[in-house]
Amino acid sequence: MSNIQNNREAVLHPVRARLVVTIIGLGWLVLSARLIQLQWVQRDKFAVKAEQQRELVEETPARPGDILDRQGRLLATTLATRSLYLVPAKISEPRQIAEALSSVLGLSPEVLTEKIAGNSQRQFLWVKRRLTEAEVTGVRKLMLPKGAWGFRDEYRREYPQGVVAAQVIGLRDIDGTGRGGIEERFDSTLRGQSGKRYVARDSRGHVIEILDKDQQAPVAGQNVRLTLDVVVQLYAERELDQVMTEWQPESCSAIVIDPKNGDVLAMATRPTFDPNRPQEASPESWKNRAIADIYEPGSTFKPMIVSYGLDQGVLQRDESFHCQNGEYRMGRRVLHDHHRYGLLSLTDVLVKSSNIGMAKIGERMGNEQLEKAATLFGFGRKTGIELPGELPGILRPLKKWTSYSTGSIPMGHEIATTPLQLITAHAALANGGELLRPRIVLPDQDDSLSAMSRMTISTVSRDTAQWIIEHPMREVVERGTGKKARIPGYHVFGKTGTAQCLSADGGYVHGKYISSFVCGAPVESPRLLTLVVVNQSSVGGETFGGKVAAPAAANILRQALVYLRISPDDQLIRAAANWKDDELE
Amino acid sequence: MFFRFGAVLSLIVLVALTGTAIEKQILQLKRAITHQQYRLDVLLDSHVRLRLEAQRLGTPASLLGPLERGELPLERPTKPRRTDARQIPANALNQPSGTPG
């Protein structure tokens with residue numbers, strides 16, 4: 001029995017041995033094949049994959065440039081801050097961590113718990129970005145589990161002047177993209193160029209080495225220097241606040257410009273917002289109304305028509321117009337003046353702001369010349385200021401003008417302008433007839449912009465422009481509709497304007513008016529020009545530009561003249577002092 | 001034979017040790033550069049913060065009102081940037097516009 005068994009084992013033994021050797025041999029063969037596949041056939045693919053797992057390209061953000069006013073005061077700057085993130089996949093107790101973080105960061109623990117639980121498989125989750133120093137210290141003290149959280153360096157934009165020139169400056173959103181104003185227009189200049197570096201990580205993802213290859217240092221953004229002067233801007237902002245309190249309008253805006261070079265010294269809008277707290281801003285407050293609100297200029301447009309008429313020889317300085325005692329039929333239309341004027345000189349047509357007088361001037365000039373005048377002074381096209389969102393206004397093509405236009409255009413109707421367009425046109429009169437491109441960025445920033453700024457369009461002759469400023473517009477302030485803009489010590493010129501609000505469908509909004517006033521000084525050599533536009537004042541039914549907008553415009557002008565050391569006329573100061581003494585006696 | 005082998009081995013060890021020392025020096029320099037860059041970043045940030053704070057304290061918005069009301073003592077600089085005297089002091093012409101001129 002045992003012999004049979006031994007014989008059988010003797011037969012089976014080599015078979016088993018061969019089987020084992022074959023299996024092991026096959027195993028080695030498979031392993032070898034796999035090695036050949038990994039090391040030879042797919043070598044490159046796996047090498048790239050391994051490198052990707054080991055190496056990481058880290059972007060190093062560039063510090064955005066500052067925005068400064070013309071005196072070098074900071075309008076916007078950037079601080080390095082930290083942002084907190086979690087690794088939800090490594091968090092076992094979301095509730096506990098959420099409660100701890102919420103106590104430091106002022107977040108809702110329930111919301112944060114839900115957020116962590118809802119992203120439990122993810123490796124990255126923002127908790128709060130751009131933390132304050134106190135918050136960073138608070139988070140560190142919590143001693144949260146290692147690997148479950150971290151900080152990332154980011155930049156936070158700060159606006160130290162607060163609401164001052166908010167719409168002009170704009171802001172940077174949470175991702176560092178410029179939104180509105182200079183921040184948007186000069187985003188690429190301010191943003192700089194992010195750098196990159198390669199780092200090696202261990203199997204747990206920790207950085208173990210910064211690799212030498214292809215390192216690129218970040219290039220900080222360039223500074224942008226504006227033509228604004230924060231002090232003049234502040235004068236404008238304060239006066240607009242006063243206008244908002246006194247007249248409770250829907251909105252208002254103010255611009256101060258240097259007519260000699262087109263530098264915008266102030267550009268303010270109400271309602272406004274604080275760029276440091278954009279979440280509190282109302283939708284209406286984002287709009288820069290100085291360049292994005294259009295309205296009929298009304299009487300503020302009249303000096304442009306008169307100057308062009310004079311320059312073309314259609315009008316004479318010493319001629320008079322009969323204003324038909326306040327009622328004048330023009331075709332099927334009957335025009336009215338505020339007062340029953342009879343014979344008015346050309347100067348008085350502007351001083352009294354007679355619509356009938358202007359309609360007669362329109363009849364004399366004809367539609368073609370009226371259109372030329374409006375086009376020459378830049379109406380119907382963008383001024384080209386370095387701000388996004390500027391509107392071109394409305395100047396319809398000549399073929400769409402009717403006989404109605406002949407009466408309407410000279411009095412500033414049937415045409416829509418932005419406040420900036422209007423003050424730019426007046427600047428052309430104030431500087432002797434050269435239409436300049438207004439600028440908000442000082443020219444040394446960019447030579448091409450500087451060259452563009454120097455390009456001017458000749459509108460009317462220096463002589464005509466000077467006459468308009470020194471006679472009709474000066475007398476508007478001294479004895480006409482703009483008496484509230486008189487400034488002791490200075491000869492001021494100006495023009496009032498009151499026009500009905502335009503509706504979205506192209507008509508007028510009944511009972512709603514836009515009051516405006518443009519003024520400048522000194523008459524002898526204008527250095528500053530101010531425009532205030534008040535949209536729909538709602539106190540006491542008062543809408544007249546000379547009453548609603550003129551005091552604010554004159555106050556801005558007066559303060560700016562003193563601040564900029566623009567010398568007053570000694571004789572006028574003495575006259576003002578004598579006048580006060582006489583009053584006291 | 002043994003001496004030659006020893007000499008070659010010593011040379012190899014010496015080269016390896018020198019290489020290690022140089023590598024160590026490179027790493028130290030790298031660390032120093034990184035440290036300096038970090039310090040530069042910190043100083044730059046500190047400069048930005050201090051500048052921002054100084055600008056905040058001196059914003060026209062916070063100073064102009066008290067200056068005009070005479071609540072802040074005015075101390076003239078010993079070396080003023082502009083030497084031409086203002087004919088009307090900035091805070092002396094406070095009557096509103098509209099008075100005959």
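Residues numbered from 1 in each chain as written. Chains lettered and ligands numbered in written order. Predicted model: local features only at pLDDT ≥ 70, side-chain atom pairs only at ≥ 80, totals over all residues. Heavy atoms only, no water.

### Regarding the overall build of chain A
Okay, step 1: A count of helices and strands for chain A gives 20 helices and 21 strands.
Okay, step 2: Scaling as 2.2 N^0.38, a compact globule of 585 residues should have a C-alpha radius of gyration of about 25 Å, whereas chain A reaches 37 Å, well beyond that.
Okay, step 3: When its C-alpha atoms are laid out on the principal axes, chain A stretches across 150 × 60 × 45 Å.
Okay, step 4: Counting over 585 residues, chain A shows a buried share of 50%.
Okay, step 5: By sequence separation, contacts in chain A at least 24 residues apart represent 71% of the contacts at least 6 residues apart.
Okay, step 6: With the model as given, the accessible surface of chain A reaches about 27,700 Å², and the carbon-plus-sulfur share is 50%. (Helix = DSSP H or I, 4+ residues; strand = E, 2+ residues; numbered from the N terminus. Rg over C-alpha atoms; globule rule 2.2 N^0.38 Å. Buried < 20%, exposed > 50% of the residue type's maximum accessible area, 1.4 Å probe, protein only. Contact = heavy atoms within 4.5 Å. Areas by Shrake-Rupley, 256 points an atom, 1.4 Å probe, with all protein chains shown as cover.)

### Description of the overall build of chain B
Okay, step 1: Within chain B, the regular secondary structure consists of two helices and zero strands.
Okay, step 2: Looking at the 101 residues of chain B, the share that counts as buried comes to 12%.
Okay, step 3: Accessible area of chain B: about 8,500 Å², with a carbon and sulfur share of 65%.

### Focus on a nonpolar patch on the surface
Okay, step 1: Taken together, the side chains of Val20(A), Ile24(A), Trp28(A) and Leu31(A) make up a nonpolar region of the molecular surface, amounting to roughly 430 Å² of accessible area.
Okay, step 2: For Trp28(A), the position within the fold is in helix α1 (residues 2-41). (Patch = residues over 30% accessible without salt bridge, like charges linked within 9 Å, V, L, I, M, F, W, Y side chains within 5 Å. Salt bridge = Lys/Arg side-chain N within 4 Å of Asp/Glu carboxyl O.)

### Considering the sheet that holds strand β8 (residues 195-201) of chain A
Residue and element names in this part refer to chain A.
Okay, step 1: The three strands lie next to each other as β1-β8-β9, forming an open sheet whose pairing is antiparallel. The open sheet has two edge strands, β1 (55-60) and β9 (207-216), and neither has a second partner. On average, each strand axis in the sheet is inclined to that of its neighbour by 35°, with strand direction left out of account.
Okay, step 2: Pairing of β1 with β8 involves six bridges; the strand directions are antiparallel. (Pairing = 2+ DSSP bridges. Axes fitted to C-alpha atoms, helices over the stretch in contact; angles between N-to-C directions.)

### Some words on the sheet that holds strand β19 (residues 493-502) of chain A
Residues and elements named next belong to chain A.
Okay, step 1: Taking strand neighbours across the sheet as the criterion, the five strands line up as β12-β11-β21-β20-β19 in an open arrangement whose pairing is antiparallel. Each edge of the sheet is formed by a strand with only one pairing partner; in this case those strands are β12 (263-270) and β19. Geometrically, the sheet is characterised by an average inter-axis angle of 10° between neighbouring strands, direction not taken into account.
Okay, step 2: In terms of strand pairing, strand β11 (residues 251-258) meets β12 through seven bridges, oriented antiparallel.

### Here we look at the side chain of Ser405(A)
Residues and elements named next belong to chain A.
Okay, step 1: Looking at the element boundaries, Ser-405 is found in helix α14 (residues 403-408).
Okay, step 2: Only 2.7 Å separates the side chain of Ser-405 from the side chain of Glu-414, close enough to count as a polar contact.
Okay, step 3: Every residue in contact with Ser-405, bar those within four places of it in the chain, is listed here: Asn-367, Leu-370, Arg-396, Pro-410 and Glu-414. (Polar contact = N/O pair within 3.5 Å; in protein donor to acceptor, adjacent residues only side chain to side chain.)

### Some words on the domain arrangement of chain A
All names here are of chain A.
Okay, step 1: As assigned here, chain A comprises domain 1 (63-225) and domain 2 (230-273 + 286-584).
Okay, step 2: Placing a centre on the C-alpha atoms of domain 1 and another on those of domain 2 gives a separation of 46 Å.
Okay, step 3: Across the contact, 22 residues belong to domain 1 and 24 residues belong to domain 2.
Okay, step 4: Counting each side, the surface lost to burial between domain 1 and domain 2 is near 2,000 Å², with a carbon and sulfur contribution of 64%.
Okay, step 5: Of all residues in domain 1, Arg-70, Gln-167 and Arg-225 give up the largest surface area on contact with domain 2, accounting jointly for 31% of the area buried on that side.
Okay, step 6: Linking domain 1 to domain 2 there are one salt bridge.
Okay, step 7: The salt bridge involving Asp-263 is made with Arg-70; its shortest N-O contact spans 3.3 Å. (Domains from an automatic or database assignment. Buried area = accessible area lost by both parts, 1.4 Å probe.)

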